[in-house]
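Observations on the model geometry
For reference, the chains in residue letters:
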Amino acid sequence: MGYTEIFVTIILALLLFLAHQNRLFPWNWPLIKLVPTLYLKSHELYDKITQILTENNSTIVFKTSWFTKTDILVTSDPANVQHILNSRYSIYQRGSEFRKAFDFFGNAIFLKDIEEWKEEKKFTHAFYKENQFHKTYFKVIHQTLEKSLIPVLDHMSLQSQVLDMQILFNRYMLDTTCLLVTGSDPGSLRIGFPKSPLLDAMDDMAEIVFCRHILPERVWKLQRWLGIGKEKKTAKACNILNQTIADYVYEKQELAAMNQENGDDFDVLKFYLSKAVTKGSMKYTEKGFLAANVMTLLYAGRDTSAALLTWFFYLISRNPLAEKKILAEIRQNFPPRKHFLPSAEELSKLLYLHCALCESLRLFPTTPVVIREPIKEDVLPSGHRVDENTKVILCSYAMGRMPEIWGEDCKEFKPERWMLAGKGGIKHVGSNRFLGFGSGPWACPGKELAFTRMKAVAATILHNFNVEVVPAGQTVCPGVSAVLTVKHGLKAIVSSKWI
Ligand code: HEM
């Protein structure tokens with residue numbers, strides 16, 4: 001913990017003590033219970049919230065309006081989730097605080113309120129339906145496995161070096177996403193893990209966003225002004241991010257203007273530019289608009305998948321029986337060939353692996369909370385009243401660990417719970433009970449893409465390498481970031497299966 005956090009903790013403790021003595025504001029036990037966790041044991045934050053929700057019938061209100069003008073309602077109640085994200089989604093928007101926390105994204109579509117979002121979505125989400133996009137997606141997955149991931153792991157295996165799996169996945173996801181979105185390879189996944197300013201800047205901004213969500217706006221704005229705490233990194237990280245993305249956009253615009261875009265390969269920027277021309281809309285060719293949507297895809301496509309794969313490898317290292325079943329399924333469907341790259345059809349046969357990824361997402365949802373702000377007064381199915389001064393937090397993490405939804409064995413890793421009995425398919429679980437990919441109009445459009453890529457990476461690694469998670473001296477727990485990453489990464493030693 002840094003000096004700023006110690007300072008904030010002391011000030012907060014003092015404030016609470018004095019206020020309690022003088023009865024300045026209502027004594028709010030759940031909040032008091034949470035404060036030390038927020039600052040002292042941030043990795044236990046989600047477990048603490050889960051415990052508080054369990055003790056309070058799945059919904060709790062933190063009365064913070066005396067200080068921040070906003071009360072915070074946290075819920076893991078499926079009826080509330082259904083109500084907020086589906087039945088009455090038009091009054092629960094992402095909201096102004098959300099926009100402020102993500103201000104460095106500029107004009108991104110995911111920050112817009114519903115009407116504008118609906119309009120822009122027709123343009124920004126159109127590429128998901130393109131055949132050429134899916135072909136290039138698969139090509140990029142293979143190319144990065146063959147030219148980057150496998151050589152890096154072969155090298156590590158020969159050296160018997162300890163490897164951080166999370167760093168490996170972050171780099172793989174960054175390079176594939178960037179290739180797909182901009183047509184350029186940042187080359188971050190290479191032997192020796194070269195320094196990647198783009199990667200560092202993305203990580204710094206993800207931490208900053210998380211802190212902006214949990215700290216009152218006045219506090220993080222003050223920190224930014226004073227250049228202290230996490231906010232001190234903002235200016236530098238923002239500059240690197242904006243400059244790198246602006247360069248990608250500029251390069252693509254230049255090529256398009258000179259009519260020098262070669263090859264059949266798809267990339268999202270090229271698609272946006274050509275579609276904007278056919279639509280004749282200036283708005284869609286603006287640098288700011290393009291850059292904001294490139295940044296959205298870089299984040300959405302990289303962090304969530306890299307973090308989930310890391311949790312997956314951690315969970316199977318602790319559940320040897322599940323790992324054995326995954327390996328048997330891979331052996332059954334892949335030819336016994338070194339460095340074999342699976343096709344879409346071969347990947348679709350890996351049902352147990354698919355279930356194991358769903359199960360990892362249930363226990364460690366990489367988007368641990370979904371945040372909404374009501375634009376008018378409403379009453380939730382749980383009976384709680386909310387209004388424009390309430391921030392609503394849907395806690396996916398707690399939902400994944402509720403016995404009412406998943407049974408008494410909810411804390412155990414059991415991929416079987418996702419298997420469709422007898423029919424050999426995957427069980428559908430309603431998004432009001434499993435929020436891993438969100439729900440309602442803002443749900444994740446990249447879900448299927450994410451599964452394809454994660455399965456390709458996991459199966460290629462498990463087919464070619466033994467992965468031994470280093471047991472000694474390693475604490476595996478959630479980090480403090482907008483995405484549920486593994487705080488200190490996941491250290492492992494890999495060895496080739498084919499020597
Ligand atoms: C394990 C992988 C992934 C997980 C767990 C995940 C999860 C989510 C969740 C929970 C949301 C909704 C957030 C909210 O309602 O506020 C979301 C939105 C989004 N996701 Fe994903 N995602 C993943 C991978 C991807 C990939 C690979 C892409 C694209 C290539 C993608 C693109 C997006 C976009 C663009 C949005 C914003 C949608 C909008 O508001 O218009 N995601 N994701």
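No experiment lies behind these values; they were computed from the predicted model shown. (Residues numbered from 1 in each chain as written. Predicted model: local features only at pLDDT ≥ 70, side-chain atom pairs only at ≥ 80, totals over all residues. Heavy atoms only, no water.)

1. Focus: the overall build of the chain
For clarity, the cut-off: Each helix corresponds to a stretch of at least 4 residues labelled H or I by DSSP, and each strand to a stretch of at least 2 residues labelled E; elements are numbered beginning at the N terminus. With a 1.4 Å probe rolled over the protein chains alone, any residue whose accessible area is under 20% of its type maximum counts as buried; one over 50% counts as exposed, and the rest are partly exposed. Contact criterion: two residues are considered in contact whenever any of their non-hydrogen atoms come within 4.5 Å of each other. Areas reported here follow the Shrake-Rupley algorithm with a probe of radius 1.4 Å; residue values treat only the protein chains shown as occluding.
For the chain, the count of helices and strands is 20 helices and 10 strands. Within the chain, buried positions represent 53% of all 499 residues. The contacts of the chain with a sequence gap of at least 6 include a subset with a gap of at least 24, amounting to 72%. On the chain, roughly 22,700 Å² of surface is accessible, and the fraction owed to carbon and sulfur atoms is 56%.

2. Concerning the UniProt feature "binding site: heme" (unreviewed entry) in the chain
Heads up, the condition is: UniProt positions are given in the numbering used here, feature names are shortened, and annotations may be inferred rather than shown by experiment.
Per the UniProt record, "binding site: heme" (unreviewed entry) is annotated on C444. Owing to a relative accessible area of 37%, C444 belongs among the partly exposed residues under this scheme.

3. Looking at the coordination of the iron atom of the ligand
Inclusion rule: Here the coordinating atoms are restricted to nitrogen, oxygen and sulfur within 2.8 Å of the metal centre, or 3.2 Å for Na, K and Ca, and because water is not among them the sites may look incomplete.
For the iron atom of the ligand, the sole protein-derived donor is C444 (SG), lying 2.3 Å away. Turning to its location among the elements, C444 is positioned in the loop between α19 (403–406) and α20 (447–464).

4. A closer look at the packing of helix α9 (residues 165–182) against helix α10 (residues 197–214)
Note the threshold: Every axis corresponds to a line fitted to the C-alpha atoms, with the helix fit spanning only the stretch in contact, and the corresponding angles, defined between N-to-C directions, vary from 0 to 180 degrees. Orientation is classified from the angle alone, with under 35 degrees giving roughly parallel, over 145 giving roughly antiparallel, 65 to 115 giving roughly perpendicular, and any other angle giving oblique.
Closest axis-to-axis distance for the α9/α10 pair is 11 Å, and the angle between their directions is 110°. Taken together, the axis directions place α9 and α10 in an arrangement best described as roughly perpendicular. Counting all contacts with α9, which are made through N170, R171 and L174, the residues of α10 involved are L198, L199 and M202.

5. Here we look at the packing of aromatic side chains
Aromatic rings considered in pairs are described by the distance between their centres and by the relative angle of their planes. To keep it simple, the criterion reads: In summary, the pairing rule links any two rings of Phe, Tyr or Trp, Trp by its six-membered ring, whose centres are within 6.5 Å, and it sorts them by plane angle into stacked for under 30 degrees, edge-to-face for over 60 and tilted for everything else. Put simply, a charge is over a ring when the Lys NZ or the Arg CZ is close to the ring centre, within 6 Å, and near the line of the ring normal, within 35 degrees.
Applying the stated criterion across every chain yields a total of 28 aromatic pairs. On the numbers, 5.5 Å between centres and 35° between planes, the contact of Y46 with Y397 is tilted. Here Y46 is found in helix α3 (residues 45–55), whereas its partner Y397 is found in helix α18 (residues 396–399), with 351 residues between them in sequence. Here Y46 falls in the buried class, since its relative accessible area comes to 5%. Among the aromatic residues, those joined into a ring-pair cluster are F123, F127, Y128, F133, Y137, F266, F271, Y272 and F289. Directly above the ring of W406 sits R362, whose terminal nitrogen or CZ lies 5.3 Å from the centroid. Over the ring of F364 we find R401; its NZ or CZ atom is 5.1 Å from the centre of that ring.

6. Observations regarding α20
To keep things clear, this is the line we draw: A helix is expected to span 1.5 Å for every residue after the first.
With 18 residues, α20 should cover 26 Å at 1.5 Å per step; its first-to-last C-alpha distance of 26 Å lies within 8% of that length. Counting buried positions along α20 yields 15 of 18 residues, so the element is predominantly enclosed.

7. A look at the sheet that holds strand β2 (residues 71–75)
Here is the rule: Two strands pair if DSSP finds at least two bridges between them.
With respect to topology, 5 strands assemble into an open sheet ordered β1-β2-β8-β5-β3, the strand pairing being mixed. With partners counted over all chains shown, the strands left at the sheet margins are β1 (59–62) and β3 (92–93), one partner each. Judged from the 4 bridges that link them, strand β5 (residues 369–374) and strand β8 (residues 390–395) form a sheet pairing that is antiparallel. Looking at the pairing, V369 lines up with C395 of β8.

8. Comments concerning the pattern of salt bridges
To keep things clear, this is the line we draw: Each reported salt bridge corresponds to a side-chain nitrogen of Lys or Arg within 4 Å of a carboxyl oxygen of Asp or Glu.
With the rule as written, the count across this model stands at 22 salt bridges. We note a salt bridge from K63 to D71, for which the minimum N-O separation is 3.5 Å. Note that K122 is salt-bridged to E119, the shortest N-O span being 3.1 Å. Note that K122 and E119 are positioned in helix α7 (residues 114–124) at a spacing of 3 residues, about one turn of the helix. Within the structure, one salt-bridge network assembled from shared partners comprises E359, R362, D409, E412, K414 and R417.

9. Topic: the sheet that holds strand β9 (residues 465–469)
Pairing within the open sheet is antiparallel, and its 3 strands lie in the order β4-β10-β9. Each having just a single partner strand, β4 (162–164) and β9 make up the two edges of the open sheet. Sheet twist, expressed as the average angle between the axes of neighbouring strands with direction ignored, equals 45°. Relative to strand β10 (residues 491–496), β9 runs antiparallel, the two sharing 5 bridges. In the sheet register, V467 faces β10, and the bridge partner there is V494. Against the sheet, α20 makes contact with β9 and β10, and its axis sits at roughly 100° relative to β9, the strand it touches most.

10. Looking at the packing of helix α8 (residues 131–159) against α20
Here is the rule: Two helices that cross are described as forming a left-handed crossing if the nearer one is turned anticlockwise from the farther one by less than a right angle, and a right-handed crossing if clockwise.
At their nearest, the axes of α8 and α20 sit 11 Å apart, and the two run at 30° to each other. The angle between α8 and α20 falls in the class roughly parallel. Judged by the twist between their axes, the crossing of α8 over α20 is right-handed. Between α8 and α20, the residues in contact are F133, H134, Y137, F138, I141, L145, L149, I150 and L153 and L449, A450, T452, R453, A456, V457, T460 and I461, respectively.

11. Here we look at a nonpolar patch on the surface
We apply this condition: Patches here are clusters of residues that have more than 30% relative accessible area and form no salt bridge, with a 9 Å joining cutoff for like charges and a 5 Å cutoff for nonpolar side chains (Val, Leu, Ile, Met, Phe, Trp, Tyr).
A surface patch of nonpolar side chains, amounting to about 460 Å² of accessible area, comprises L222, W225, L226 and I228. With respect to the helices and strands, the residue L222 is situated in helix α11 (residues 217–226). Exposure remark for L222: the relative accessible area of 46% places this residue in the partly exposed category.

12. Overview of the environment of E346
To keep it simple, the criterion reads: In protein, a polar contact requires one atom able to donate a hydrogen and another able to accept it; more generally it is a pair of N or O atoms within 3.5 Å, and residues adjacent in sequence count only if both atoms are side-chain atoms.
Residue placement: E346 occurs in helix α16 (residues 344–348). Spatially, the C-alpha atoms of E346 and N333 are 6.5 Å apart, while their sequence positions differ by 13 residues. Discounting chain neighbours no more than four positions away, the residues touching E346 are N333, F334 and F340. Among the polar contacts listed, one links the side chain of E346 to the backbone nitrogen of S343, at a separation of 2.8 Å.

13. Regarding the side chain of S305
Looking at the secondary structure, you find S305 in helix α14 (residues 287–318). Overall, S305 belongs to the buried group, its relative accessible area being 4%. Those residues within four positions of S305 in sequence are excluded, and the remaining contacts are M173, A450, R453 and M454.

14. A few points about the site of the ligand
Condition: Here a residue is considered near a molecule or strand provided that any single heavy atom belonging to it is located within 4 Å of it.
Around the ligand lies a shell of 25 residues, among which R94, W117, R372, W442 and C444 are the nearest. With respect to the ligand, the side chain of R94 contributes an N or O atom lying 2.8 Å from an oxygen atom. Interatomic distance of 2.9 Å between a side-chain N/O atom of R372 and an oxygen atom of the ligand. The set of elements that each furnish at least two residues to the shell around the ligand consists of α14, β5 and α20. If one sorts the elements of the shell around the ligand by residue count, α14 sits on top with 5 residues.

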